[in-house]
Amino acid sequence: MLKAGIIGLGKMGISHAAIVGPHKDVDLTAVCDTSSLVLDGFRKFTKVRVYDDYKKMVDSESLDFVIIATPTKFHFPMVKYALEKGI
């Protein structure tokens with residue numbers, strides 16, 4: 001079972017969560033977004049751990065992969081951080 005995280009829960013992030021969440025070989029372990037409204041929804045309706053800081057999520061969880069679904073201009077530091085942490 002692969003442990004997954006998603007950074008960014010806008011249109012694309014929610015779409016990825018809908019695909020990855022029910023996958024039989026993936027455990028959607030954690031998600032990250034800056035919107036408290038979106039995070040509150042995940043807290044209320046799922047068992048997925050939520051974060052408002054991607055570094056805290058990457059540091060706190062033992063993820064096998066992370067989906068970066070933020071606007072493109074934010075990708076580089078997030079991808080770099082995840083790679084540096086072995087994800």
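Residues numbered from 1 in each chain as written. Predicted model: local features only at pLDDT ≥ 70, side-chain atom pairs only at ≥ 80, totals over all residues. Heavy atoms only, no water.

A. Spatial organisation of the side chain of Glu61. With respect to the helices and strands, Glu61 occurs in the loop between helix H3 (54-60) and strand S4 (65-68). Classification of Glu61 as buried rests on a relative accessible area of 9%. There is a polar contact of 2.5 Å between the side chain of Glu61 and the side chain of Tyr51. Apart from residues lying up to four places away in sequence, Glu61 is in contact with Thr29, Ala30, Arg49 and Tyr51. (Helix = DSSP H or I, 4+ residues; strand = E, 2+ residues; numbered from the N terminus. Buried < 20%, exposed > 50% of the residue type's maximum accessible area, 1.4 Å probe, protein only. Polar contact = N/O pair within 3.5 Å; in protein donor to acceptor, adjacent residues only side chain to side chain. Contact = heavy atoms within 4.5 Å.)

B. Representation of helix H1 (residues 11-20) within the structure. Residues Gly13, Ala17 and Val20 constitute the buried set of H1. Taken end-on, H1 shows its buried residues confined to a sector of 75°, consistent with a single buried face. Turned more than 90 degrees away from the buried face of H1, the exposed residues are Lys11, Ala18 and Ile19. (Arc of directions from axis to C-beta.)

C. Up close: the pattern of salt bridges. In this structure the tally under the stated criterion is five salt bridges. One salt bridge connects Asp40 with Arg43, and the closest N-O pair in it is separated by 2.8 Å. With Asp40 and Arg43 both in helix H2 (residues 36-45), this residue pair falls three residues apart, about one helical turn. Here Glu84 and Lys80 are joined by a salt bridge, their closest N and O atoms 3.8 Å apart. Of this pair, Glu84 and Lys80 both sit in helix H4 (residues 75-84), four residues apart, which is roughly one turn of the helix. For Glu84, a relative accessible area of 55% gives the class exposed. Residue classification places Lys80 among the partly exposed positions, given a relative accessible area of 42%. (Salt bridge = Lys/Arg side-chain N within 4 Å of Asp/Glu carboxyl O.)

D. Main features of the packing of aromatic side chains. In total, this model carries one aromatic pair according to the counting rule given. Each ring, one from Tyr54 and one from Tyr81, has its centre 6.0 Å from the other, and the planes form 90°; the classification is edge-to-face. Of the two residues, Tyr54 is situated in helix H3 and Tyr81 in helix H4; the sequence distance between them amounts to 27 residues. Neither residue differs from the other here; Tyr54 and Tyr81 are each classed as buried. (Phe/Tyr/Trp six-rings, centres within 6.5 Å; stacked < 30°, edge-to-face > 60°.)

E. Seen up close, H4. Of all the residues in H4, the buried ones are Met78, Tyr81 and Ala82. The buried side chains of H4 occupy one side of the element, clustering within an arc of 95° when seen end-on. Facing away from the buried surface of H4 by more than 90 degrees, the exposed residues are Phe76, Leu83 and Glu84. Residues of H4 that are buried sit in contact with strand S1 (2-7), H3 and S4.

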